[in-house]
Amino acid sequence: MTVGLVVVSHSRKIAEGAVELAAQMATDVKFYAVGGTDDGRIGTDLEKTIAAFEAGLGEASGDGVVVLTDLGSAVMTAESAAEFCSEPEKVLLADAPLVEGLVAAAVATQGGASAAAVKAAAEGVRFGQ
Amino acid sequence: MTVGLVVVSHSRKIAEGAVELAAQMATDVKFYAVGGTDDGRIGTDLEKTIAAFEAGLGEASGDGVVVLTDLGSAVMTAESAAEFCSEPEKVLLADAPLVEGLVAAAVATQGGASAAAVKAAAEGVRFGQ
Amino acid sequence: MGLGVEWAVQWLTLSARLMSEHREELIALDRAIGDSDHGENMDRGFQAVMEKLAQTPPETPGAALKLAAMALMSKVGGAAGPLYGTAYLRAATALGEDADIDAAALAGALTAARDGIVARGKAELGDKTMVDAWSPAVEAADEALVAGGDAVAVLAAAAEAAEVGAVTTDPLVARKGRASYLGERSAGHRDPGAVSSALLLRAAATAAGFPEGAAE
Amino acid sequence: MGLGVEWAVQWLTLSARLMSEHREELIALDRAIGDSDHGENMDRGFQAVMEKLAQTPPETPGAALKLAAMALMSKVGGAAGPLYGTAYLRAATALGEDADIDAAALAGALTAARDGIVARGKAELGDKTMVDAWSPAVEAADEALVAGGDAVAVLAAAAEAAEVGAVTTDPLVARKGRASYLGERSAGHRDPGAVSSALLLRAAATAAGFPEGAAE
Ligand SMILES: Nc1ncnc2c1ncn2[C@@H]1O[C@H](COP(=O)(O)OP(=O)(O)O)[C@@H](O)[C@H]1O
Ligand SMILES: Nc1ncnc2c1ncn2[C@@H]1O[C@H](COP(=O)(O)OP(=O)(O)O)[C@@H](O)[C@H]1O
Ligand SMILES: [Mg+2]
Ligand SMILES: [Mg+2]
Ligand SMILES: [Mg+2]
Ligand SMILES: [Mg+2]
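Residues numbered from 1 in each chain as written. Chains lettered and ligands numbered in written order. Predicted model: local features only at pLDDT ≥ 70, side-chain atom pairs only at ≥ 80, totals over all residues. Heavy atoms only, no water.

- The name an unreviewed UniProt entry assigns to chain C is Dihydroxyacetone kinase subunit DhaL, from the organism Arthrobacter gyeryongensis.

So, in structure tokens, the structure goes:
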């Protein structure tokens with residue numbers, strides 16, 4: 001797979017659960033679940049986020065990582081982490097619902113989509129139809 | 001609070017994590033996290049879902065429960081469970097992203113909104129703006 | 001004379017056997033366009049049906065199907081749980097308390113089952129779901145009934161049509177269920193739920209005395 | 001003569017003290033329109049700043065602020081982490097390697113900090129966020145500078161304006177951050193981040209020698 005998928009949540013359980021759900025439909029995809037602060041509170045963790053981005057950039061064979069977040073502060077953490085990354089332009093934040101967007105992104109990644117297409121798949125999730 | 005909030009997920013971690021995140025912003029709200037099958041696999045559980053609905057209907061002082069789901073099969077499980085409930089018309093399924101919708105629903109519930117308004121709050125979550 | 005509770009119990013028993021035998025095949029189908037669990041879901045679901053049958057033997061075909069519905073809804077864990085659960089429940093309601101099911105009642109029960117699946121899942125014909133097995137099965141059952149067929153003929157026609165229907169899902173693009181996430185990539189694979197549906201209807205015909213493999 | 005690294009270290013030290021002293025107040029503010037953690041977030045963040053300061057004492061004001069930025073980003077855990085982190089990092093970049101910061105450099109650093117918060121959080125004035133403390137602070141600092149004020153005067157003006165700015169958030173409806181989930185219900189509460197921002201700017205003025213409580 002050329003795209004790595006990173007979940008940045010306030011909750012470790014949400015991050016891990018979303019990954020276990022999405023991985024069922026995308027067995028070859030590399031997932032990185034980041035959630036909770038380093039002292040076990042609910043919140044985000046910049047250092048673990050940077051590490052996940054770097055791992056994703058390293059293992060994914062070139063196209064980049066797509067990032068799913070929960071609330072706004074996770075978005076800000078992910079954006080900050082991207083700026084500290086070796087290849088910030090390869091870190092794409094999806095503006096999409098975390099769980100449902102991750103499943104769509106996972107299926108797209110499994111299908112060999114580019115990072116931009118994976119991001120678009122996550123952002124294409126719709127409700128109320 | 002007059003509205004109970006039930007999460008029906010394929011993953012116990014997602015359900016519990018979403019509740020821990022939303023509960024931070026809604027300390028008086030009653031949450032019910034249902035996720036995973038009764039033998040620990042990823043999937044939904046009708047009996048636990050019915051039990052959560054009944055608990056929510058019982059403890060919430062009359063207005064009903066609002067339900068957040070992840071994928072389509074969780075929606076079908078929730079709809080089936082509602083049909084087996086004592087007051088199916090008081091079980092409102094939100095067509096909304098699970099995590100982000102639950103937070104919005106929790107804040108609305110904490111603010112004293114009716115079940116219909118809580119459902120609308122969950123469904124009002126928007127991306128791509 | 002029509003079909004009684006022995007038929008219903010035998011149907012469920014053969015269903016459980018087929019789900020166990022085809023477990024890996026259904027898993028493989030679901031791996032291609034889903035989450036690899038349909039075989040396990042169905043096998044576990046029908047194991048639960050068998051346990052319940054042993055605990056509280058039903059007295060009518062309707063009671064047998066209701067028992068199966070509850071077990072499947074509770075234990076399958078995937079979309080197939082509420083779908084088959086609703087199907088069997090609606091069929092049970094259609095059969096009522098009758099101890100003896102004739103061809104017309106049977107065709108009505110099949111229609112009720114299919115309608116239940118559609119009500120629950122909102123899929124249409126051609127969406128690459130189990131509806132693509134059930135809808136032709138119901139049509140074939142109705143035709144057999146009109147042609148004067150007995151209960152066995154009705155079930156045989158339904159099973160035959162469901163098998164053909166399952167095959168017709170191959171080129172379709174999924175528009176419901178998990179496979180719809182794959183979009184165009186879902187084409188070229190058979191829908192697992194359509195296959196399990198065909199197996200269940202085949203079990204119904206076999207249980208009624210239609211010779212196994214007679215359709216092939 | 002301007003402000004040196006001692007001032008920067010003293011600023012951070014006083015900040016840590018104020019965050020600890022106002023921990024419960026900030027938690028209470030965040031409880032009303034957020035998730036009750038702003039006091040804990042800031043207290044933990046500045047504890048980490050103090051640890052890092054002890055481990056690797058900085059040699060310039062810019063280095064001190066950069067160290068604080070990294071600690072806050074890593075340890076706060078909430079929105080305030082990336083926001084203050086970006087603010088302090090941009091301020092550090094604006095100050096560069098200079099050992100001695102005059103009034104103009106200070107006003108420039110405050111502007112850079114505010115711009116960093118806006119770049120990170122995309123809030124505008126009136127959205128009921130920390131921007132409502134920082135923007136008037138930057139304006140007041142610039143005015144003090146134009147009026148010929150020294151570094152202490154610039155910081156005092158900023159602190160004073162931030163405190164007023166925090167109070168102006170009371171009637172506002174939040175349009176950014178968690179409080180925006182509350183819609184109209186967020187009105188009638190003071191924004192916790194605006195309050196912590198005012199405390200941090202007050203600490204900066206006090207560290208520069210402006211008498212504590214002189215504004216009151
Ligand atoms: N909305 C629907 N309507 C009808 N059938 C559906 C629907 N969604 C899924 N299915 C059927 O369910 C099958 C998958 O069942 P299963 O694997 O047990 O559930 P899951 O997809 O939740 O893992 C599909 O192959 C399809 O036939
Ligand atoms: N987008 C934003 N732009 C500017 N400030 C923001 C933004 N979002 C949140 N804030 C500020 O952050 C404060 C909350 O910080 P904190 O409680 O630490 O984070 P969280 O909301 O993630 O728990 C708010 O009071 C507000 O001042
Ligand atoms: Mg499946
Ligand atoms: Mg499944
Ligand atoms: Mg907070
Ligand atoms: Mg927080």
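That was the structure; now back to the text.
## Description of the overall build of chain C
Phase 1 of the analysis: What chain C contains, in helices and strands, is nine helices and zero strands.
Phase 2 of the analysis: Listing every helix and strand of chain C by position from the N terminus yields α-α-α-α-α-α-α-α-α.
Phase 3 of the analysis: Taking 17 Å as the expected radius of gyration for a compact globule of 216 residues, we find that chain C reaches 16 Å, a close match to that expectation.
Phase 4 of the analysis: The dimensions of chain C, computed from C-alpha atoms along their principal axes, are 50 × 40 × 30 Å.
Phase 5 of the analysis: Per-residue burial over chain C gives 57% buried out of 216 residues.
Phase 6 of the analysis: For chain C, long-range pairs separated by at least 24 residues make up 69% of all intrachain contacts whose partners lie at least 6 apart in sequence. (Helix = DSSP H or I, 4+ residues; strand = E, 2+ residues; numbered from the N terminus. Rg over C-alpha atoms; globule rule 2.2 N^0.38 Å. Buried < 20%, exposed > 50% of the residue type's maximum accessible area, 1.4 Å probe, protein only. Contact = heavy atoms within 4.5 Å.)

## So, the interface of chain A and chain B
Phase 1 of the analysis: On the side of chain B, 24 residues touch chain A, which itself brings 24 residues to the contact.
Phase 2 of the analysis: Buried area between chain A and chain B, both sides added, is near 2,100 Å², and the carbon and sulfur share of it is 67%.
Phase 3 of the analysis: On the chain A side of the contact with chain B, A:Lys13, A:Leu21 and A:Ile42 bury the most area, a combined 26% of that side's loss.
Phase 4 of the analysis: The tally of links between chain A and chain B comes to two salt bridges.
Phase 5 of the analysis: Of all the elements in the fold, those that place two or more residues in the side of chain A that touches chain B are helix 1 (12-23) and helix 4 (98-110) of chain A.
Phase 6 of the analysis: Looking at the side of chain A that touches chain B, the element that brings in the most residues is helix 1 of chain A, giving seven residues.
Phase 7 of the analysis: Classifying every residue of the side of chain A that touches chain B gives 11 nonpolar, seven polar and six charged. (Buried area = accessible area lost by both parts, 1.4 Å probe. Salt bridge = Lys/Arg side-chain N within 4 Å of Asp/Glu carboxyl O. Nonpolar A, V, L, I, M, F, W, Y, C, P; charged D, E, K, R; others polar.)

## So, the coordination of the magnesium ion (ligand 4)
All names here are of chain C.
Phase 1 of the analysis: Donor atoms from the polypeptide that coordinate the magnesium ion (ligand 4) comprise Asp35 (OD) and Asp37 (OD), at 2.1 Å from the metal.
Phase 2 of the analysis: Between the two metal centres, the magnesium ion (ligand 4) and the magnesium ion (ligand 3), the spacing is 3.5 Å, with aspartate 35 acting as a shared donor.
Phase 3 of the analysis: Among the residues examined, aspartate 35 registers a relative accessible area of 5% and is labelled buried.
Phase 4 of the analysis: Judged by its relative accessible area of 10%, aspartate 37 falls in the buried class. (Donors = N, O, S within 2.8 Å, 3.2 Å for Na, K, Ca; no water.)

## As for the pattern of salt bridges
Any two side chains of opposite charge can pair if their charged atoms end up close together.
Phase 1 of the analysis: For the coordinates displayed, the defined rule picks out 41 salt bridges over all chains.
Phase 2 of the analysis: One salt bridge in this structure joins A:Glu16 and B:Lys13, with 2.9 Å as the shortest N-O distance. Placement of A:Glu16 in helix 1 and of B:Lys13 in helix 1 (residues 12-23) is noted, with the two residues assigned to different chains.
Phase 3 of the analysis: For B:Lys13, a relative accessible area of 32% gives the class partly exposed.
Phase 4 of the analysis: Members of the salt-bridge network, linked through shared partners, are A:Asp39, A:Arg41, D:Glu40 and D:Arg44.

## Some points on the pairing of strand 1 (residues 3-9) of chain A
All names here are of chain A.
Phase 1 of the analysis: Burial analysis of strand 1 places seven of its seven residues in the buried class, which makes it a mostly covered element.
Phase 2 of the analysis: Going residue by residue along strand 1, you find Val3, Leu5, Val7 and Ser9 tucked away on one face and Gly4, Val6 and Val8 tucked away on the opposite face as well.
Phase 3 of the analysis: Of the pairings in the sheet, the one linking strand 1 to strand 2 (residues 30-35) comprises six bridges and is parallel in character. Its bridge partner lying in strand 2, valine 8 is registered against valine 34.
Phase 4 of the analysis: Traced from strand 1 through helix 1 to strand 2, the parallel crossover comes out right-handed. (Pairing = 2+ DSSP bridges. Right-handed = clockwise from strand over helix to strand, strands pointing away.)

## Some remarks on the coordination of the magnesium ion (ligand 6)
Residues and elements named next belong to chain D.
Phase 1 of the analysis: With distances of 2.0 to 2.1 Å, the protein atoms coordinating the magnesium ion (ligand 6) are Asp35 (OD) and Asp37 (OD).
Phase 2 of the analysis: Metal-to-metal, the separation of the magnesium ion (ligand 6) and the magnesium ion (ligand 5) is 3.5 Å; aspartate 35 coordinates the two. Across this residue pair, the class does not change: aspartate 35 and aspartate 37 are buried.

## Concerning the arrangement of the chains
Phase 1 of the analysis: The chain pair with the greatest number of contacts, out of five pairs of chains in contact, is formed by chains A and B.
Phase 2 of the analysis: Where chain C comes nearest to chain D, the C-alpha atoms are still 30 Å apart, and the two do not contact one another.

## Describing the sheet that holds strand 2 (residues 30-35) of chain B
By way of backbone hydrogen bonds, the strands of a sheet pair with one another, either parallel or antiparallel.
All names here are of chain B.
Phase 1 of the analysis: With parallel pairing, four strands are arranged side by side in an open sheet as 2-1-3-4. The open sheet has two edge strands with one neighbour each: strand 2 and strand 4 (91-93). For this sheet, the mean inter-axis angle between neighbouring strands, taken without regard to orientation, is 25 degrees.
Phase 2 of the analysis: Across three bridges, the pairing between strand 3 (residues 64-69) and strand 4 is parallel. Of the residues in strand 4, the one forming a bridge with valine 66 is leucine 92.
Phase 3 of the analysis: Together, strand 1 (3-9) and strand 2 form the strand contacts of helix 1, whose direction differs from that of strand 2 by roughly 160 degrees. (Axes fitted to C-alpha atoms, helices over the stretch in contact; angles between N-to-C directions.)

## With respect to unusual backbone geometry
All names here are of chain C.
Phase 1 of the analysis: With a phi close to 65 degrees, lysine 128 is a non-glycine residue in the positive phi region.
Phase 2 of the analysis: For lysine 128, the location among the structural elements is in the loop between helix 6 (103-121) and helix 7 (131-146).
Phase 3 of the analysis: Residue lysine 128 is classed as buried on the basis of its relative accessible area, which comes to 1%.

## Quick look at the relation of the copies chain A and chain B
Phase 1 of the analysis: In the superposition of chain A on chain B (RMSD 0.0 Å, axial shift 0.0 Å), the rotation amounts to 180 degrees. Interpreted geometrically, this transformation is the action of a two-fold axis.
Phase 2 of the analysis: A shared binding surface is used by both copies, with 100% of the interface residues of chain A retained as interface residues in chain B. (Least-squares fit on C-alpha atoms with pLDDT ≥ 70 in both.)

## A few points about the environment of D:Ala157
Residues and elements named next belong to chain D.
Phase 1 of the analysis: Structurally, alanine 157 can be placed in helix 8 (residues 151-168).
Phase 2 of the analysis: When the C-alpha atoms of alanine 157 and alanine 147 are compared, they prove to be 11 Å apart, with 10 residues separating the residues in sequence.
Phase 3 of the analysis: In this view, alanine 157 contacts Ala140, Ala141 and Ala144; residues no more than four positions away in its chain are not counted.

## Notes on the packing of helix 2 (residues 23-33) of chain C against helix 3 (residues 38-55) of chain C
Any two packed helices are characterised by how steeply their axes cross, that is the angle between the axes, and by the distance between the axes.
Residue and element names in this part refer to chain C.
Phase 1 of the analysis: The contact between helix 2 and helix 3 brings their axes to 6 Å, and the two run at 140 degrees. Our classification of the angle between helix 2 and helix 3 gives oblique. Across the interface between the two elements, Arg23, Leu26, Ile27 and Asp30 from helix 2 touch His38, Gly39, Glu40 and Asp43 from helix 3.
Phase 2 of the analysis: Tallied by class, the residues present in the contact of helix 2 with helix 3 amount to two nonpolar, two polar and four charged. (Parallel < 35°, antiparallel > 145°, perpendicular 65-115°, else oblique.)

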